[in-house]
Amino acid sequence: MAEEIMSAISGEVFGVWFLIGAALVFWMQAGFAMVETGFTRAKNAGNILMKNLMDFCIGTVVFILIGFSLLLGEDMVGLIGKPGFDIFTNYANFDWSNFVFNLVFCATTATIVSGAMAERTKFLSYCIYSGVISALIYPVEAHWIWGGGWLSQMGFHDFAGSCAIHMVGGLSALIGAKILGPRIGKFTKDKSGKITKVNAFPGHNLPLGCLGVFILWLGWYGFNGAAATSVEQLGSIFVTTTIAPAIATVVCMVFTWIRYGKPDVSMCLNASLAGLVAITAPCDVTDAFGAIIIGAVAGVLVVFGVWLLDYKLRVDDPVGAVAVHFMNGIWGTFATGLFATTKAPGNDTFTGLFYGGGFDLLGKQIIGILSVCAWTAVMITLTFLAIRAIVGLRVTEEEEIIGLDATEHGLPSAYSGFSIMDVSNTMNMEVNENTHLGTEDYEAASEVKKAAAVKVVKMPDVVDTGIHKIVIIAKLSRYERVKKAMNDLGVTGMTVTQVMGCGVQKGAGEKYRGVELDVTLLPKVKLEVVVGEISVDAVIEAAKKALYTGHIGDGKIFVYNVDKVVKIRTGEEDFDALQDVE
């Protein structure tokens, strides 16, 4: 009787822990949002947050309609679950816990993709492919592994999702980023089109990215441990889930320190996630030694993956999602066939190659990797190509340069009231990789890029007097260049003022909750010239060429019609008054 009571209590406790684990996995959405936002540019922060929110919300809708039944419905020839609507027709007997648990895992798969395709994907297109992943791609392959499908029947093992979630999300991210193309300015090309340089786009908020990593690490204890069936097994899972990312991070720190001369902060944050991804499949069947080796390989593999995408595959992945999730998802699934041991509590079935199990489990793991990759690659490629053909996949060049917060969501900044640029050394302000347009040569730059770097605003002429005032707003460091350009044109007189400038103008119409937004001021220099005989267009072109560095915010030019000019010393007026300054 006592044993039966204890068994019942244990079942209830683990049932509650199962749901707590699901809640922890849901909380990982916040971690993904913070990592992706911190690792990308400020002008797209709101867009990233919106995508991570909609991953879960859209995923919930489609998971209710079709995803859950495809995953855990009655098995149909080992391939899919039988579609059904038990959540509506038989709610009293519905498996509520499993629904919530699998839903949060499903949302994780979709959110991985957003990081690699960040900063240049249409929001509508993102919503569509996120829904397809949650409705079809993930549920089908997850059924093979966890829903009684052919891989589970064969003896394939992926306890918490290195293959089913991370590899699938990472592969989808790789294909999506390749089809989408790199961000403007990521790769510098010569005149023949050959890539000559890879440009770094530093994340605008690494503290936010670091917070996201810690949130994810915390959530991973639920991610890996929620399905444990005993205290001993849960404890062992916590141990391996702690060891692997810690070792991966240390190895990455040492490796980048040696390779690059300094320990790389963002890469080490990626390494922590890489170790977590790699241990996810074998967390319940490996021991401490296995977790150490798995983590060590993950720490090097993530650095290799980032390098491979940048310098060989030429795929732009802003957050390292492919290196973290796809490559280490494969590694973790493969490593299960190497390091599985019956020493792990609750494992009486799986034994890896290095523990005397031969190639049996390893072979099954390889079959699982190849089959899931094949399914995912075909389906996600068809999805992306269909979206590109029907609604378009990528935003315009102008929208990308301005930022998706403003163009996709009407949000001028996700950081209202905060200055996010270091202006302590204004003479170096032009060097800002976060605003690089990819072309430093003014002659080679497209008109859109020139307009983004140096905007020109011409005021309407009521009566064209032939005399114009040109106001040039520029960075302090470009003053000498623009002064020389004006002198070369024959403009020898100008008024120069040090001012405070901002990127969002008062009266621009952008509002938040119905209230007009305030602005953030930055130090600038204002040059004013008045010309009559010298062409206005010549002045504008010379100023643009002098100001252009290939970055957004290089300057702005205003042109006004002048009704009358009077030289106080001589009394000369209009064109005569300008003879000694042009």
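To start, this report covers the structure provided alongside it. (Residues numbered from 1 in each chain as written. Predicted model: local features only at pLDDT ≥ 70, side-chain atom pairs only at ≥ 80, totals over all residues. Heavy atoms only, no water.)

What about the overall build of the protein chain?
This is how it is decided: Only DSSP runs of H or I reaching four residues or more are called helices, and only runs of E reaching two or more are called strands; each is numbered from the N terminus. Note on contacts: a residue pair is in contact if any heavy atoms of the two residues lie within 4.5 Å.
When you go through the protein chain residue by residue, the secondary structure sums to 18 helices and 11 strands. In the protein chain, the proportion of contacts linking residues at least 24 apart, taken out of those at least 6 apart, comes to 78%.

Topic: the side chain of Asp317
Filter applied, for reference: Using a 1.4 Å probe on the protein chains alone, a residue whose accessible area is under 20% of its type maximum counts as buried, one over 50% counts as exposed, and one in between counts as partly exposed. Here the positive residues are Lys and Arg and the negative ones are Asp and Glu; neither His nor the chain ends is included. Salt bridge, as used here, is a side-chain nitrogen of Lys or Arg placed within 4 Å of a carboxyl oxygen of Asp or Glu. By the criterion applied in these results, polar contacts are pairs of N or O atoms within 3.5 Å in which, for protein atoms, one can donate a hydrogen and the other can accept it, and in which residues neighboring in sequence qualify only through two side-chain atoms.
Counting through the fold element by element, Asp317 comes out in the loop between helix H11 (288-313) and helix H12 (321-339). Among buried charged residues, Asp317 stands out as having no salt bridge; its nearest opposite-charge side chain is Arg120, 6.8 Å away. A polar contact of 3.2 Å, which involves the side chain of Asp317, links it to the backbone nitrogen of Gly320. Side-chain polar atoms of Asp317 contact the backbone nitrogen of Val322, separated by 2.7 Å.

What to know about the environment of Pro182
Looking at where Pro182 falls in the secondary structure, it is placed in the loop between helix H7 (162-180) and strand E3 (187-189). On the basis of relative accessibility, which here comes to 31%, the residue Pro182 falls in the partly exposed class.

Describing the environment of Asp348
Positionally, Asp348 belongs in the loop between H12 and helix H13 (360-390). In this structure Asp348 comes out as exposed when scored by relative accessible area, which is 73%. Residues Asp348 and Val285, spaced 63 residues apart in sequence, show a C-alpha to C-alpha distance of 9.0 Å.

Structural notes on the pattern of salt bridges
Enumeration according to the criterion identifies 8 salt bridges in this entry. In this structure, Lys364 engages Asp360 in a salt bridge whose closest nitrogen and oxygen atoms are separated by 3.3 Å. Taken together, the positions of Lys364 and Asp360, both in helix H13 and 4 residues apart, correspond to about one turn of that helix. Of the residues examined, Asp360 reaches a relative accessible area of 49% and is grouped as partly exposed. Through salt bridges with shared partners, one network takes in Arg41, Glu119, Arg183 and Asp316.

A word on the packing of helix H5 (residues 123-146) against H13
Counted only if it meets this: To get an axis, a line is fitted to the C-alpha atoms, and for a helix only the part in contact is used. The angle between two axes follows their N-to-C directions and goes from 0 to 180 degrees. Any angle that falls under 35 degrees is termed roughly parallel, while one over 145 is termed roughly antiparallel, one within 65 to 115 roughly perpendicular, and all others oblique. A clockwise turn of the near helix away from the far one marks a right-handed crossing, whereas an anticlockwise turn of less than a right angle marks a left-handed crossing. Any residue outside Ala, Val, Leu, Ile, Met, Phe, Trp, Tyr, Cys, Pro, Asp, Glu, Lys and Arg is labelled polar, Gly included; the first ten of those are nonpolar and the last four are charged.
Contact geometry for H5 and H13: axes closest at 10 Å, N-to-C directions at 160 degrees. With respect to each other, H5 and H13 are oriented roughly antiparallel. In this structure, H5 crosses over H13, and the sense of that crossing is right-handed. Where H5 abuts H13, its residues Ser125, Ile128, Tyr129, Val132, Ile133, Leu136, Ile137, Val140, Glu141, Trp144 and Ile145 lie against Ser371, Val372, Trp375, Thr376, Met379, Ile380, Thr383, Phe384 and Ile387. Looking at the contact of H5 with H13 residue by residue, the classes come out as 15 nonpolar, 4 polar and 1 charged.

Describing the side chain of Thr280
With respect to the helices and strands, Thr280 occurs in helix H10 (residues 265-280). Once residues within four sequence positions are removed from consideration, Thr280 is found in contact with Phe159, Ala160, Gly161, Ser162, His166, Trp220, Phe223 and Asn224.

Quick word on H7
Helical geometry: 3.6 residues make up each α-helical turn, so side chains three or four residues apart lie on a common side. What counts, and what does not: Any helix carries an expected span of 1.5 Å times its number of residues minus one.
The terminal C-alpha atoms of H7 lie 25 Å apart, and with 19 residues this matches the ideal 27 Å at 1.5 Å per residue to within 8%. Judged by how many residues are buried, H7 sits mostly within the fold: 17 of 19 residues are covered.

What to know about the pairing of strand E6 (residues 468-474)
The two faces of the sheet receive side chains in turn, since in a regular strand these alternate between them. What counts, and what does not: One bridge is not enough; two strands pair if DSSP finds at least two bridges between them.
Among the 7 residues of E6, 6 are classified as buried, and the element is accordingly described as predominantly covered. Pairing analysis gives 7 bridges linking E6 to strand E11 (residues 555-561), with the strands arranged antiparallel. Directly across from Lys469, in E11, lies its bridge partner Tyr560.

Considerations on unusual backbone geometry
Despite not being glycine, Val77 has its phi angle at roughly 50 degrees, a positive value. Looking at the secondary structure, you find Val77 in the loop between strand E1 (75-76) and strand E2 (80-81). One non-glycine residue, Arg314, adopts positive backbone phi at about 55 degrees.

Some thoughts on the packing of helix H4 (residues 96-116) against H7
Orientation of H4 relative to H7, taken along the N-to-C sense of each, is 30 degrees, at an axis distance of 8 Å. Overall, the two elements H4 and H7 adopt an arrangement that is roughly parallel. Relative to H7, the crossing made by H4 is right-handed. On H7, the residues touching Phe105, Thr108, Thr109, Ile112, Val113 and Ala116 of H4 are Ala164, Ile165, His166, Val168, Gly169, Gly170, Ser172, Ala173 and Ala177. Residue composition of the contact of H4 with H7, by class: 9 nonpolar, 6 polar and no charged.

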